[in-house]
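Reading the structure
Spelled out from the first residue to the last, the chains are:
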Amino acid sequence: MTGTENCVRRKRRFVAWAVASIRLVTSPVVVVVVTYNSENHVAALLNSLPEAFGALPWRTVVVDNGSNDATVAILESRTDCTVVRSQNVGFAAGVNKGVHQLGTQSGPILVLNPDAVLSPGSAAAMVEALATPGVGIVAPLVTEQDGRLSLSLRREPTLARATGLTFTKLGLFSEQLVDERDYARTQVVDWAMGAILLIARPCYDALRGFDESFFLYSEETDFCLRARDLGWSTLFVPSAQAMHIGGGSGESDKTHTMQAINRIRLYRRRNGDSKAWVFYLLTVAREIRWAARGHPFARAALNALLHPTSRPAELNCGSTLLPR
């Protein structure tokens, strides 16, 4: 890329940031929640929003991906959200549907899992941080239901980080940031877990939303890394805090398998086939180790890795060993 092209790109980012900063003051935040059998959690999330935003305006849309419990009845009994009924199109497509539903809004987009609860002032703190030049995504400090720190910050996937040597706690081998000191300071990260993310509208528009082919898992990794490719950074802001229960829509053989398959797909798309084969083999080796240790879902993932016809149909990832 030439110096002139770099200059043009910087100017465009500055203009987008300037426009976005003005909109932060004048436009409501678009809150998008995607639910699936979330009857035990979604009310607590919605109840936390007024204190989280304070004086800032916001509008909430909840996209329900075909729940068969009381989720929709709970949502339709409320007056503080727009409800969109959908088939189970996946988390990424659900977010995109929600944004489209409130398409006339030009403010930033707050993507929330239904099993999250925002702390007072947290949304306002995230919006303030989003006004930082070059920032396209803001992630808060997340805690577990019992108050423990959730290690929600991540490094970009690499071959070394696919070896399963996270226990070394070395950045070379660990995708997860495990040092609690990293969660005590504001910093730019490669990506953060997608349970609670605030996204600048120009960033979302530039990426054309989330990649719906992932269906579930890795969509936030892909989004943050593609944003970085275009010059938008992901900023972690510990002054904004939230609680995330995790697994609020259930964990199963299928969801664990989706995690394993989608990590390979993401790596392949960013690094090419040759390196992706190595990533694939490392993933197989990791699942073998986990299965040997009694991991409840590793055998299902291993079966899907070795037998393409066993992979979740929602991923539509091809019939070859290396998922596309």
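Sequence order as written defines the numbering, with residues in each chain counted from 1. Only residues with pLDDT of at least 70 get local features here, since the model is predicted, and only at 80 or more are side-chain atom pairs given and counted; chain-wide, interface and lining totals rely on the full set of residues. Only hydrogens and water are set aside when side-chain values are computed; all heavy atoms of the structure are taken into account.

Moving on: the domain arrangement of the chain. When cut into domains, the chain gives domain 1 (8-244) and domain 2 (253-315). Its C-alpha centre places domain 1 at a distance of 25 Å from the equivalent point of domain 2. On the domain 2 side, the residues contacting the 22 residues of domain 1 number 17 residues. The term buried area means the drop in 1.4 Å probe accessible area that two parts suffer when joined, counted for both and summed. In terms of surface lost to domain 2, no three residues of domain 1 exceed L159, A162 and Y217, which account for 33% of the buried area on that side. Salt bridge, as used here: a side-chain nitrogen of Lys or Arg that lies within 4 Å of a carboxyl oxygen of Asp or Glu. At the surface where domain 1 touches domain 2, the tally comes to 4 salt bridges. Of the residues that constitute the side of domain 1 that touches domain 2, the class distribution is 8 nonpolar, 6 polar and 8 charged. Start and end positions for the domains come from either an automated domain assignment or a database one. By definition, residues are in contact when any of their heavy atoms lie within 4.5 Å. Note on residue categories: nonpolar means Ala, Val, Leu, Ile, Met, Phe, Trp, Tyr, Cys or Pro, charged means Asp, Glu, Lys or Arg, and polar means any other residue, Gly included.

Okay, the state of the cysteines next. Disulfide: a covalent bond connecting the sulfur atoms of a pair of cysteines. We call a pair of cysteine sulfur atoms a disulfide when they lie within 2.5 Å. The final tally for this structure, using the stated rule, is 0 disulfides. Summary of cysteine pairing: C203 is not part of a disulfide, and the nearest cysteine sulfur, belonging to C224, is at 8.3 Å.

Time to look at the pairing of strand 4 (residues 109-112). Neither face of strand 4 is exposed, since I109 and V111 on one face and L110 and L112 on the opposite face are all buried. A pair of strands counts as paired when DSSP detects no fewer than two bridges linking them. In this description a helix means any DSSP run of H or I spanning at least four residues, a strand means any run of E spanning at least two, and both kinds are numbered starting from the N terminus. Alignment of strand 1 (residues 29-35) against strand 4, held across 4 bridges, turns out to be parallel. In the sheet register, V33 faces strand 4, and the bridge partner there is L112. Sheet topology note: the strand 4/strand 10 (residues 196-199) ladder contains 4 bridges and is antiparallel. When the bridges of strand 10 are listed, V111 appears paired with L197. Exposed residues in this analysis have more than 50% of their type's maximum accessible area, buried residues have under 20%, and partly exposed residues fall in between, with area computed by a 1.4 Å probe over protein chains only.

To define a nonpolar core, start from buried Ala, Val, Leu, Ile, Met, Phe, Trp, Tyr and Cys residues and group those joined through side-chain atoms within 4.5 Å. Residues L110, L112, L118, I196 and C203 are the most contacted members of the largest nonpolar core, which totals 66 residues. The contacts of I196, once residues within four sequence positions are left out, are L110, V111, L112, A116, L118, M126, V138, A139, P140, V142, A242 and H244.

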